[in-house]
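Below are the chains, spelled out letter by letter.
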Amino acid sequence: FDVSDSAPTNIVQWVAQKVDGAYADPAMKFVVISTASDSEEALEGAEAYADTLLDMGSCTEVDVGDAAIVPSTSVCYELHFDMFSHESTYDIDVMGVDHIAIFAEHFPTEFERSTHYLLTTDGEDIEPVHELPEEHDDDEELPKAWGIVFLSCLLVNLVTFSGVALVGTGVLAPGKNVSDRFQAILMSFSSGALISCAVFLILIESSHYVASEWNEAEVDATWRWGCAVIGGFLAPLVVFILEPRKFGCSGANHVQAQATTVQVQPANSEKEGVEGGGAAPVIATESFENRSGATILAVCGGDFAHNITDGFAIGVAFKLCDQSMGWGIFAATVYHEIAQEIADFVILTSPECGLSVMQALIFNFVAGTSVIIGGLITTAIDVDNGTLGLMLAFGGGTYLFLGCVETLPRALEKAPMDDPDKTKEHYRVVLYAWIVGCVLVGIILINHEHCMPGGDDDGDDDEAMGDDAHAG
């Protein structure tokens, strides 16, 4: 902010107001740093000090009416708002200072009802010269993350070749059953990754984006977000219901073809049968070609629909300001795709489906390309924060279904139920694998910072500032 016109008082005032009868928060961490100029470089230079100060466990408490706040690179303030007044005002001493940078825990517009958040003592608005992230004109097209979305989706698609790795190592061979323990570890691992990704990353972020779009009443955001999550949870079930019926084979336990015998009597004699030395019963074997074809269609069609949802989730995540979320969703997707693609490979190369290794890999790869399609579609379209949030919530619901209904139960059902001790051992292994999958995605949170959506779509001049908000 340029505060060079603050004479003769050398004071500027920070104003926080109640909105809809309440402050956005009863208190807020607040840092003011003087800068040598009003350039963006000067603002970025002050950011390092502010990040350290805002991470401090405690800050100097300031109530309304206390001594003026003094710009400093070593002091963090905590503003306490006056709950008995509709407005709280704090003086900032800018004697000998021409430019200041302000960093706070909240958007300043969250406390703005009828008065601008920074004023001179004459009541004149002081507008920011720069903000981090820098605001853009409404008509200016923001850069799209084509490269990173395509790369991440392509890497997910390449997971379809997981079967080759297992064949090469001898763990898997066409027509060979994968051990129940190995399947259970894969499924449980992917379940932990999916659920932690949904709970720690997707659902939290999506709720903030939806709330930023429908902020007049809490119920407006709640029912939209809830319906999106439930819709995503039920979507895989609907896809499964609409899939062609799976005939002929099923992953771990191949269904063996059974012949149907039909006794045919000669047309010219009711007596001549087996007794008269007539024709012996004709054995008719039902063809399973159409059944294996339906199974291949079901496997590939289901994968196509499921993978395009993964692509949507990845594309939306990389539209947000913190790419760690995008990589978190990418990691969870890879984990569960490994388990899924190996299961598909087992089905497609089973004797009943009859595909060769190369044919199975081609079918899997083609079905998996939908993740790239979904990612690029989401990157191409320009949508508001609310729609992004709803798409993300839908993906979170889908991940919850896959983690809670699809993968974890399949891991548990592999337990040898005839021996209680072995059953308990199996459950322990499943639990350990689940925890590992959960932790590997949770690691993403170490450097992940919640990214509040930017300003309003109606073109308001005040661009919102993030959790460690920056304005200069």
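So, here's what we can say about the structure.

Procedures and definitions
Residues numbered from 1 in each chain as written. Predicted model: local features only at pLDDT ≥ 70, side-chain atom pairs only at ≥ 80, totals over all residues. Heavy atoms only, no water. Helix = DSSP H or I, 4+ residues; strand = E, 2+ residues; numbered from the N terminus. Buried < 20%, exposed > 50% of the residue type's maximum accessible area, 1.4 Å probe, protein only. Disulfide = S-S within 2.5 Å. Axes fitted to C-alpha atoms, helices over the stretch in contact; angles between N-to-C directions. Parallel < 35°, antiparallel > 145°, perpendicular 65-115°, else oblique. Left-handed = near helix turned anticlockwise from the far one by under 90°. Nonpolar A, V, L, I, M, F, W, Y, C, P; charged D, E, K, R; others polar. Salt bridge = Lys/Arg side-chain N within 4 Å of Asp/Glu carboxyl O. Contact = heavy atoms within 4.5 Å.

### Examining the environment of Val239
On the secondary structure map, Val239 appears in helix α5 (residues 218-242). On the basis of relative accessibility, which here comes to 29%, the residue Val239 falls in the partly exposed class. Distance from Val239 to Asp303, taken between C-alpha atoms, is 9.9 Å for residues 64 residues apart in sequence.

### Quick look at the state of the cysteines
Counted by the stated rule, this structure contains one disulfide. A sulfur-sulfur distance of 2.1 Å marks the disulfide that ties Cys59 to Cys76. With the S-S bond torsion at 80°, the cross-link from Cys59 to Cys76 turns out right-handed. Separated by 17 residues along the polypeptide, Cys59 in the loop between α1 (40-54) and β3 (60-63) and Cys76 in the loop between β3 and β4 (77-80) bring together distant segments of the chain. In terms of burial, Cys59 and Cys76 fall into one category: buried.

### Here's the deal with the packing of helix α4 (residues 180-213) against helix α11 (residues 420-442)
Packing of α4 against α11 brings their axes to within 7 Å, and their N-to-C directions diverge by 40°. Taken together, the axes of α4 and α11 are oblique relative to one another. Crossing angle aside, the handedness with which α4 passes α11 is right-handed. For the contact of α4 with α11, the per-class residue count stands at 17 nonpolar, seven polar and three charged.

### Points about the pattern of salt bridges
Oppositely charged side chains may form a pair once their charged atoms are brought near each other. This structure, assessed with the given rule, holds one salt bridge. Put simply, Arg410 and Glu406 hold a salt bridge, and the shortest N to O gap is 3.3 Å. With Arg410 and Glu406 both in helix α10 (residues 385-412), this residue pair falls four residues apart, about one helical turn.

### Remarks on the packing of α4 against α5
In the contact formed by α4 and α5, the axes pass within 9 Å of each other and the chain directions differ by 140°. Taken together, the axes of α4 and α5 are oblique relative to one another. Every pair of crossing elements has a handedness; the one defined by α4 and α5 is right-handed. Touching Leu203, Ser206, Ser207, Val210 and Ala211 of α4 are Ala221, Arg224, Trp225 and Val229, all from α5.

### Some details on the environment of Phe312
Structurally, Phe312 is set in helix α6 (residues 289-317). Each C-alpha atom, one on Phe312 and one on Ile372, is 9.0 Å from the other, the two residues being 60 residues apart in sequence. When near neighbours in sequence (up to four residues on either side) are disregarded, Phe312 contacts Gly374, Gly375, Ile377 and Thr378.

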